[in-house]
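# Observations on the three-dimensional arrangement
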Amino acid sequence: MSNAEPKRVRVPSPIDRQALAIDVRRELEMPARRLFNRRILTLGGLAMLSGCTLSDDSSVEHFLEKVSRMNDRVQAWLFSGARLAPTYTESDLTRPFPFNAYYGIEDVPHVDASTYRLAVSGLVTGKRSWTLDELYALPHAEQITRHICVEGWSAIGRWGGTPFGAFLRRVGADTSAKYVGFKCADDYYESIDMPTALHPQTLLAFEYDGRRLPPEFGFPMKLRMPTKLGYKNPKHIMEMFVTNTYPGGYWVDQGYNWFGGS
Ligand SMILES: Nc1nc2c(c(=O)[nH]1)N[C@H]1C(S)=C(S)[C@@H](COP(=O)(O)O)O[C@H]1N2
Ligand SMILES: [Mo]
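Below or above, wherever it landed, is the structure these notes cover. Since we're looking at a predicted model, the values are computed, not measured.

### Structural notes on the pattern of salt bridges
Once the charged atoms of two side chains with opposite charge are near each other, the side chains can pair. Scanning all chains against the criterion turns up ten salt bridges. The closest approach of N and O atoms between aspartate 209 and arginine 158, which form a salt bridge, is 3.3 Å. Residue aspartate 209 is located in the loop between strand 7 (203–208) and strand 8 (211–212), and its partner arginine 158 is located in strand 4 (residues 153–163); the two are separated by 51 residues in the primary sequence. Assigned by exposure class, aspartate 209 and arginine 158 land together as buried. As a salt-bridge pair, glutamate 239 and lysine 183 come within 3.7 Å of each other at their nearest N and O atoms. Separated by 56 residues along the polypeptide, glutamate 239 in strand 10 (residues 237–243) and lysine 183 in strand 5 (residues 179–184) bring together distant segments of the chain. Given a relative accessible area of 31%, glutamate 239 falls into the partly exposed group. What emerges from the salt-bridge pattern is a single network uniting Glu90, Arg95, Glu142, Arg158 and Asp209.

### Structural notes on the site of ligand 1
Surveying the vicinity of ligand 1 reveals 21 residues, the closest of which are Pro98, Asn100, Asp186, Asn233 and Lys235. At 3.1 Å, a backbone N or O of tyrosine 102 approaches an oxygen atom of ligand 1. Here an oxygen atom of ligand 1 sits 2.6 Å away from a polar atom, N or O, in the side chain of lysine 235. Here the residues of the shell around ligand 1 are counted per class, giving twelve nonpolar, five polar and four charged.

### Some words on the environment of tyrosine 256
Summarising the element assignment, tyrosine 256 is placed in the segment after strand 10. Residue tyrosine 256 is classed as buried on the basis of its relative accessible area of 6%. Tyrosine 256 sits 25 residues away from tyrosine 231 along the chain, and the two C-alpha atoms are 9.2 Å apart.

About the thresholds
Each residue is numbered by its place in its chain's sequence as written, counting from 1. Throughout, the order in which chains and ligands are written sets their labels, letters from A for the former and numbers from 1 for the latter. Owing to the predicted nature of the model, reporting of local features is limited to residues with pLDDT of at least 70; listing and counting of side-chain atom pairs is limited to 80 or more, with chain, interface and lining totals taken over all residues. Only hydrogens and water are set aside; all other atoms, that is, all heavy atoms of the structure, feed into the side-chain values. When a carboxyl oxygen of Asp or Glu lies within 4 Å of a side-chain nitrogen of Lys or Arg, that pair is called a salt bridge. Each helix is a run of DSSP H or I of at least 4 residues and each strand a run of E of at least 2, with the numbering of both proceeding from the N terminus. Think of it in three bands: with a 1.4 Å probe and only protein chains considered, a residue is buried below 20% of the maximum accessible area for its type, exposed above 50%, and partly exposed in between. The nearness test applies per residue and asks whether one of its heavy atoms lies within 4 Å of the molecule or strand. A 3.5 Å cut-off defines polar contacts: any pair of N or O atoms within that distance qualifies, except that in protein one atom must be a possible hydrogen donor and the other a possible acceptor, and neighbouring residues in sequence count only when both atoms are side-chain atoms. Residue type decides the class: Asp, Glu, Lys and Arg count as charged, Ala, Val, Leu, Ile, Met, Phe, Trp, Tyr, Cys and Pro as nonpolar, and the leftover types, Gly among them, as polar.

Right, here's the structure in full:
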């Protein structure tokens, strides 16, 4: 048996393959693709653009990573703080609204409202923690928007809370920093780009459909961003921090695209 056996292309693991499909589909859907020759944006074309050869597992992984990072840059470049996601009316609401998490509904964390404190840290002048009553007293906004999950469903819901950009300014956040990171009451964590954090429709949501956010939808609060896919919207937020160090995210660290625009 010679040791010159050709390297075989191994199929990426299921999560990578899923992430690849999402990213490549998004890449093809991008308006920016018109900048390129349509034909170059095949898998082979993307491999060429990213300077990767798909000859073994680690190069496939490297390729996936590169496509995803290219995708982040294109999405960040196309993102406009002024472009609003579509809004809907009461009659469009999806009932019942679906629950989703990386675990079943019986394992939803139950956060105690009386002892809860939201910790705000990192690049902010007002490092402190907030009680729920203090947060509920902040300016109120509502939205009826569509939540899109990469698992292939979408649903229209109504959320109430406080505009996140105004909250960031109130806590003296350095809005020239790159990221806002979140830690949740389950093992979930996420991070977003500053332009999305400051987008007018980004809401720190305490309510679902006019009532206190129920446990399954993220009590005591979730970040609701109609400009981003479902997995970018953290529920059960316990801590948030402003940073220039890339914090990643629960699904992102398993291969999903970080920008995650919808
Ligand atoms: N803390 C936490 N946040 C989370 C998740 C999770 O598992 N834990 N799942 C994400 C995903 S993939 C989706 S689609 C939405 C689901 O939100 P919903 O239960 O309000 O529909 O929450 C997102 N935020
Ligand atoms: Mo999702």
